[in-house]
Amino acid sequence: MSKTTYSQRKEKFTTDSEIEIKPCYHKIEVEDEQPGKFPFTRGVQEDMYRSKLWTMRQYAGFSTAEASNERYHYLLKNGTTGLSVAFDLPTQIGYDSDHEFADGEVGKAGVAIDSLRDMEILFKGIQLEQVTTSMTINATASTLLAMYVALAKKQGADISKISGTIQNDILKEYAARGTYIYPPKPSMRIITDIFEYCSKEVPKWNTISISGYHIREAGSNAAQELAFTLANGKAYIEAAMAKGLNIDVFAKRLSFFFNAHNNLFEEVAKFRAARRMWAKITKDLGATDERAMMLRFHTQTGGSTLTAQQPQNNIIRVTTQALSAVLGGTQSLHTNGFDEALALPTEEAARIALRTQQIIALESGVADTVDPLAGSYFVEALTNEMEELAWQYIRKIETLGGAVEAIEQGYMQDEIARSSYKYQNDIQNGEKIIVGVNKYQIEEKPMGNLFTVDDSIRTEQMAKLQQLKNERNNIEVKSLLNKLDGAARSDENLMPVILSCCENYATLGEIADTLRNVFGEHKA
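Conventions we followed
Residues numbered from 1 in each chain as written. Predicted model: local features only at pLDDT ≥ 70, side-chain atom pairs only at ≥ 80, totals over all residues. Heavy atoms only, no water. Helix = DSSP H or I, 4+ residues; strand = E, 2+ residues; numbered from the N terminus. Pairing = 2+ DSSP bridges. Buried < 20%, exposed > 50% of the residue type's maximum accessible area, 1.4 Å probe, protein only. Contact = heavy atoms within 4.5 Å. Polar contact = N/O pair within 3.5 Å; in protein donor to acceptor, adjacent residues only side chain to side chain. Phe/Tyr/Trp six-rings, centres within 6.5 Å; stacked < 30°, edge-to-face > 60°. Lys NZ or Arg CZ within 6 Å of the ring centre and 35° of its normal. Right-handed = clockwise from strand over helix to strand, strands pointing away. Axes fitted to C-alpha atoms, helices over the stretch in contact; angles between N-to-C directions. Parallel < 35°, antiparallel > 145°, perpendicular 65-115°, else oblique. Left-handed = near helix turned anticlockwise from the far one by under 90°. Nonpolar A, V, L, I, M, F, W, Y, C, P; charged D, E, K, R; others polar. Core = buried A, V, L, I, M, F, W, Y, C linked by side-chain atoms within 4.5 Å.

A. Looking closely at unusual backbone geometry. Note that the residue after Phe38, namely Pro39, is joined by a cis bond; omega there is 5°. Looking at the element boundaries, Pro39 is found in the segment before strand S1 (55-60). Despite not being glycine, Asn449 has its phi angle at roughly 60°, a positive value. Here Asn449 lies in the loop between helix H15 (411-428) and helix H16 (456-471).

Right under this line is the structure:
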């Protein structure tokens, strides 16, 4: 009888972070770690999803506040348990809809919010004390948070009870995304002002969502996403402590935002390693309260992994990515619509994305026990290797003087660019297979029924702005903007003044321009 021979598909298998995958894994030494206990490798709660599922938070926002409000009510009706607001580019970079730079972008990448009046419409019929809201906003985070607080007060809410998150992570904007306004130093000042204000006035609010998501979208691998995100987080803690804030108080309100890509086991290992690393970082910085050492995070499935070719394939990709986030112990999750490589998601695509989470939660069984992959030889080894690789990057960042200096010197940007180039090159030469793109292609007709936003939205927003300026007390607004100018030139906390400006219907652009006049603009 002839001996059977086997041949491997490839000479070597690696994760996207170039960690080599062995043919077989054997028993390794694993610390006897418990869920809900330092260093939280196995999760930040003792029973995780057995008592409460993750928050199913679908990211949505487009066109006008009226249109987005409709979508929010649709999502809440279909089982979303938290709202997540996308803002258009002018809102993100501090321009009102009538600014010349806003032309062609109003309502496109998210909803246009020019003033408290738009915020009132955005959340019409939604009691802010009864939902948690995540807002993906960075350079203008202080203003959008102030508008949200002003609206909660108008609703009669106890602002000490409202909860949610602002992204508020400006460092990753310099490194990966680009929607910054002010230079790093004043930007860090605004962020720590928010930390201080919220710790006193809005204690349940997560004051920053330190984001690896956009670092990964820009082309980093998983280890870089992990390392650069935690390095940025460390920089925020150090800035807050330099301002005299107590790490055991403000660090409890820090949260993280990670990407989930297609390599299921690498992503699970990344999430587990992140918790362990952050616990060590915060402890080394002086935290003594274990709750200040917990890494709590939101996950979004990978937008850059979605393909315009055979878009229904994206449903399977999103499912795999969502599963990695749940197996990795996420606190909240957004699943992308299958059509998002082509346009904003339709209602059907948004519903399928939400149902994906619900089926994982209620039918798959993976939420029934804590950290179900713990003890897997492969997962435990990969967690250790992911952690070590990330520490190597962090040690390099420390030699450069920390995250801010590493960004100013272009280190993170260069590493992301190199990783992105390699990833695309691997796809082009067939080393990395993307089903429907470089293998198993088919003849396709253009996909119909895509969601579009009409350019007339800008005209509508401009009319609203003019009406607002005609109706508000412009003398009071000018006085408050002058007061904001003075506060920015001192060491006064900016948040109470920004809140007063918003309550009196100063526009987002007017507030941003006042701060631009003091701080200047960052030039890459």
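B. Broad picture of the sheet that holds S1. Judged by pairing direction, the sheet is parallel, and its nine strands sit side by side in the order S5-S4-S3-S2-S1-S9-S8-S7-S6 without closing on themselves. Two strands close off the open sheet at either side, each with one partner strand: strand S5 (205-206) and strand S6 (208-211). Taken together, the four bridges between strand S3 (residues 132-136) and strand S4 (residues 163-166) define a ladder with parallel strand orientation. In the strand pairing of S4, Thr133 is matched with Gly164.

C. Quick look at the environment of Arg42. Secondary-structure assignment places Arg42 in the segment before S1. On the basis of relative accessibility, which here comes to 22%, the residue Arg42 falls in the partly exposed class. For the pair Arg42 and Leu373, spaced 331 residues apart in sequence, the C-alpha separation works out to 9.4 Å. Those residues in contact with Arg42 that sit more than four places away from it in its chain are Glu33, Pro35, Arg272, Arg275, Val370, Asp371 and Ala374. Looking at Arg42, its side chain comes within polar contact range of the side chain of Asp371, at 3.2 Å.

D. Just the packing of aromatic side chains, in detail. By the definition in use, this model includes 19 aromatic pairs. Each ring, one from Phe123 and one from Tyr148, has its centre 5.4 Å from the other, and the planes form 90°; the classification is edge-to-face. Here Phe123 is found in the loop between helix H3 (116-122) and S3, whereas its partner Tyr148 is found in helix H4 (residues 141-154), with 25 residues between them in sequence. Judged on exposure class, the residue Phe123 and its partner Tyr148 are both buried. Look at Phe271 and Phe297: their rings are 5.1 Å apart centre to centre, the planes differ by 20°, and that puts the pair in the stacked class. With Phe271 in helix H10 (residues 264-284) and Phe297 in strand S8 (residues 297-301), this pair connects stretches of sequence that are 26 residues apart. Assigned by exposure class, Phe271 and Phe297 land together as buried. One aromatic cluster is present, formed by Phe256, Phe258, Phe271, Trp278 and Phe297 through successive ring pairs. Lying over the aromatic face of Tyr505, Arg117 brings its terminal NZ or CZ to 5.7 Å of the ring centre.

E. How the structure looks around the pairing of S4. Burial along S4 is two-sided: the face carrying Ser163 and Thr165 and the face carrying Gly164 and Ile166 are both buried. In terms of handedness, the path from S3 via H4 over to S4 forms a crossover that is right-handed. As paired strands, S4 and S5 are joined by two bridges and run parallel to one another. By the bridge assignment for S5, Gly164 is matched with Trp205.

F. Inspection of the packing of helix H8 (residues 222-242) against H10 at higher detail. Contact geometry of H8 with H10 gives a least axis separation of 10 Å together with a crossing angle of 25°. Between H8 and H10, the crossing angle belongs to the class labelled roughly parallel. For the pair H8 and H10, the sense of crossing is right-handed. Counting all contacts with H8, which are made through Ala222, Glu225, Leu226, Leu230, Gly233, Lys234 and Ile237, the residues of H10 involved are Glu266, Glu267, Lys270, Ala273, Ala274, Met277, Trp278, Ile281 and Thr282.

G. Molecular detail of the packing of H4 against helix H6 (residues 184-201). At a closest axis distance of 10 Å, the pairing of H4 and H6 adopts a crossing angle of 25°. Considered as vectors, H4 and H6 are oriented roughly parallel to each other. Residue-level contacts link Ala141, Ser142, Leu145 and Val149 of H4 to Ile190, Ile194, Tyr197 and Cys198 of H6. Class assignment for the residues of the contact of H4 with H6 results in seven nonpolar, one polar and no charged.

H. Representation of the nonpolar core within the structure. Residues Phe123, Met135 and Met412 are the most contacted members of the largest nonpolar core, which totals 150 residues. Here Met412 is in contact with Ala175, Phe228, Ala231, Asn232, Ile397, Ala403, Ala406 and Ile407, once residues within four sequence places are set aside. Phe62, Val106, Val453 and Ile457 belong to the second-largest nonpolar core, a separate cluster that totals six residues.

I. Summary view of the environment of Glu385. Along the polypeptide, Glu385 turns up in helix H13 (residues 377-399). Assessed through its relative accessible area of 32%, Glu385 is described here as partly exposed. Along the chain, Glu385 and Ala223 lie 162 residues apart, while their C-alpha atoms are 9.5 Å from each other. In contact with Glu385, not counting residues within four places along its chain, are Ile19 and Tyr25.

Fair warning: the whole summary comes from geometry, so function is off the table for now.
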